[in-house]
Amino acid sequence: MMFLFYVNLATILCFFTSISNGNIQQTVLRGVQTSLLSMYIPSKPFTCLDGSLTIPFEFVNDDYCDCQDGSDEPGTSACPNGQFFCENKGYFGTLIPSHFVGDGVCDCCDGSDEYETIIVCNNTCFELAQKFQASRDAQRALHAAGVEKKKQILASTTTNKFGRQFSQKHLDELEQDLKILEKELKEKEELKRQVEILENAAKEKHKKLCEEKRTMQDVSLRNNQMHEMFADLDTNGDSLISIDELQKHTELDTNQQNEFTIEEVRSILGSDSVNLNEFNTTIFDQISNSYRQLPEPTRPTPEPTPLPEPSIDSMTTQSPSLETFIDEEDLTTHTRSSYKYEDEDDYEEDHHRESKTLATSIEHEKHIHDSVAPEYDDETKKLMEIAEEARNRYHEIGEKFLSIKHQIEDLKKQSTVDAGPHDEYSPIIDQCFDYEEREYTYRICMFKTAKQISKGGGSEVIIGYWDSWCGPKDNKYLKMKYSNGATCWNGPPRSLIVTLQCGIEQKLTDVREPSRCEYTIIFETPLACDENIATTSLHSDHVEF
């Protein structure tokens with residue numbers, strides 16, 4: 001009996017530490033959070049923290065798991081779901097899984113998790129506390145500088161009439177201006193309508209006169225061309241176009257591979273010959289596009305007339321003119337045939353060009369006046385000037401009207417945006433920021449859209465539209481959510497989470513895609529800097545851990 005008593009006593013002593021302080025003795029249980037020590041009273045049975053079981057207190061930290069929540073073994077590794085509390089004096093107390101206790105690895109900076117092993121753990125809590133303090137001071141300095149920049153941004157936004165911080169008076173003034181402009185716009189529109197009626201009537205009258213003139217010109221031109229062609233075809237001058245005369249024009253043969261037969265010519269003429277009137281009504285339009293003038297026949301070079309031997313008398317008498325013996329036209333013909341056309345191909349090519357002269361001239365004269373802009377009379381020009389002035393005035397008032405209308409819409413829209421608990425994010429409403437990557441440019445227009453723009457020249461892809469704030473419960477304004485973007489191929493719609501961080505400059509950093517078509521990015525801005533963090537520890541030399 002006494003043996004069992006000493007065994008139990010030794011077991012309890014293994015898991016408790018007695019600290020003497022004068023006549024007062026305090027018992028500390030290993031692995032228990034300071035806030036839960038009141039639940040562990042050695043003189044009373046222990047009730048599992050989940051309330052599922054009550055056990056004798058000596059079962060606590062006996063290296064056997066009795067409670068389902070593992071709360072009876074805070075200082076051992078017996079329970080797989082238990083937690084060991086590292087006190088870490090001089091630093092932050094932390095909880096580690098109880099199976100880390102006694103595993104030969106120093107998890108607590110004070111080494112308390114290896115109290116049963118031979119492992120010697122150095123106490124690193126002081127060094128960690130120093131690093132934490134340095135990081136905290138850097139954060140405080142960053143937030144302090146950011147808060148000052150934030151105040152400047154908010155101050156400049158407040159004085160900007162296009163910003164979110166607008167007065168109701170300003171909105172009323174804009175709406176009043178809009179009503180005045182709307183009335184004026186209707187007046188200008190009516191004036192524009194009336195002068196345009198007069199302008200269009202004058203233009204229509206001018207157009208009709210031009211068309212009549214053009215029609216007369218076309219008729220006259222066609223008549224001249226028809227007479228010219230008839231005269232060219234009527235080679236014998238009998239005022240008739242015969243089969244023989246038309247048959248010479250082989251360019252009219254639709255089948256160029258065969259001979260231009262009499263039957264084919266007769267099918268064009270409709271008879272053996274046609275007069276001017278018949279040619280005008282049935283033949284001219286049929287052949288005018290294909291007709292070519294025949295080349296003029298060349299004249300034979302005349303034999304030179306031998307000159308008599310000069311006598312003494314003739315030498316003293318003035319010689320007759322050269323024109324007496326050589327006709328000027330013959331000289332021209334002789335020169336052309338003797339020197340210019342030594343090569344037969346050149347000769348034929350030149351005559352081929354000559355044969356096109358009539359048709360080319362016809363087509364040119366037929367259409368040249370179509371490209372000439374009509375010249376308006378003075379009265380029409382004056383009406384056009386008045387109408388143009390009315391249109392300019394109408395468009396000028398219209399632009400002012402739309403500008404004020406858009407201002408009012410933007411101001412009303414901005415008033416509904418949740419821009420933070422104190423409207424601190426109002427200055428960046430609709431502002432766009434870019435982040436350059438190797439292949440893409442990411443562009444976020446705050447409270448509007450997020451896009452992915454290919455640098456290879458592809459189209460823009462909508463990553464998401466502004467949805468809501470999605471930060472943690474204690475501060476939802478730390479994260480922005482953009483959703484319902486373009487759908488991925490065989491995947492979900494794209495979305496983006498923007499994490500806001502304090503920074504001196506406003507910029508996007510560190511874009512990632514942790515899951516398919518789900519993007520994350522960091523936005524640094526002075527507007528996210530916290531004045532509470534900026535003023536923390538300003539009047540203390542240490543941090544209470």
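The present account deals with the structure reproduced in this document. In this convention, every chain numbers its residues from 1, walking through the sequence in written order. Reporting in this predicted model follows two pLDDT cut-offs: at least 70 for local features of residues, and 80 or more for side-chain atom pairs to be given and counted; totals over whole chains, interfaces and linings ignore these cut-offs and use all residues. Where side-chain values are given, they derive from all heavy atoms of the structure, hydrogens and water being excluded.

1. Quick word on helix α6 (residues 276-287)
Residue pairs three or four apart in sequence face the same way in an α-helix, which turns once every 3.6 residues.
Phase 1: The helix and strand labels rest on DSSP assignments: H or I over at least four residues marks a helix, E over at least two residues marks a strand, and numbering proceeds from the N terminus. Take the residue count of a helix, subtract one, and multiply by 1.5 Å to get its expected span. End to end, α6 covers just 14 Å across 12 residues, shorter than the expected 16 Å (1.5 Å per residue, more than 12% under).
Phase 2: N or O atoms within 3.5 Å of each other form a polar contact, as long as, within protein, one can give a hydrogen and the other can take it, and as long as residues adjacent in sequence are counted only when both atoms are side-chain atoms. Between a side-chain oxygen at the N-terminus of α6 and the backbone nitrogen of N277 the separation is 3.2 Å; the capping residue is N275.

2. A short note on the state of the cysteines
Working definition: the covalent bond between the sulfur atoms of two cysteines is a disulfide.
Phase 1: Disulfide assignment relies on a single distance test, namely cysteine sulfur atoms paired within 2.5 Å. Scanning the entire structure with this criterion turns up 8 disulfides.
Phase 2: What pairs with C109 in a disulfide is C125, and their sulfur atoms sit 1.9 Å apart. Here C109 and C125 share a disulfide; its torsion about the S-S bond, 95 degrees, makes the bridge right-handed. In this pair, C109 sits in the loop between β6 (94-97) and α2 (125-158) while C125 sits in helix α2, placing the two residues 16 residues apart along the sequence. Here C109 and C125 have matching classes, each one buried. Only protein chains enter the calculation, and the probe is 1.4 Å; a residue is then buried if its accessible area is under 20% of its type maximum, exposed if over 50%, and partly exposed in between.

3. Notes on the side chain of D234
Phase 1: Relative to the elements of secondary structure, D234 occurs in the loop between α3 (168-233) and β7 (241-242).
Phase 2: Charge assignment in this entry is limited to Lys and Arg as positive and Asp and Glu as negative, and neither His nor the chain termini are counted. By definition, a salt bridge exists where a carboxyl oxygen of Asp or Glu is found within 4 Å of a side-chain nitrogen of Lys or Arg. Among buried Asp, Glu, Lys and Arg side chains, D234 stands out as unpaired, with K248 the closest opposite charge at 9.7 Å.
Phase 3: Among the polar contacts listed, one links the side chain of D234 to the backbone nitrogen of G237, at a separation of 3.1 Å.

4. A short note on empty space enclosed by the protein
If a probe as big as a water molecule is rolled over the atoms, it shows which places are left empty.
Phase 1: Two kinds of site are reported from a 1 Å grid over the protein atoms alone, namely cavities, where a 1.4 Å probe fits but cannot get out, and pockets, open sets with protein on both sides within 12 Å along at least five of seven lines, and residues are called lining when an atom falls within 4 Å of a point. Grid points are joined across faces, edges and corners, and a volume is the space filled by probe spheres set on the points. As enumerated under the stated definition, the model contains 1 cavity of 30 Å³ or more in all.
Phase 2: Reported here for the largest cavity is a volume of approximately 40 Å³.
Phase 3: Considering the residues around the largest cavity, the lining is formed by Y442, R443, I444, A450, K451, I463, L496, V511 and I521.
Phase 4: Taken together, the elements giving at least two residues each to the lining of the largest cavity come down to β10 (440-445) and β11 (449-454).
Phase 5: When residues in the lining of the largest cavity are grouped by element, the largest group, 3 residues, is from β10.

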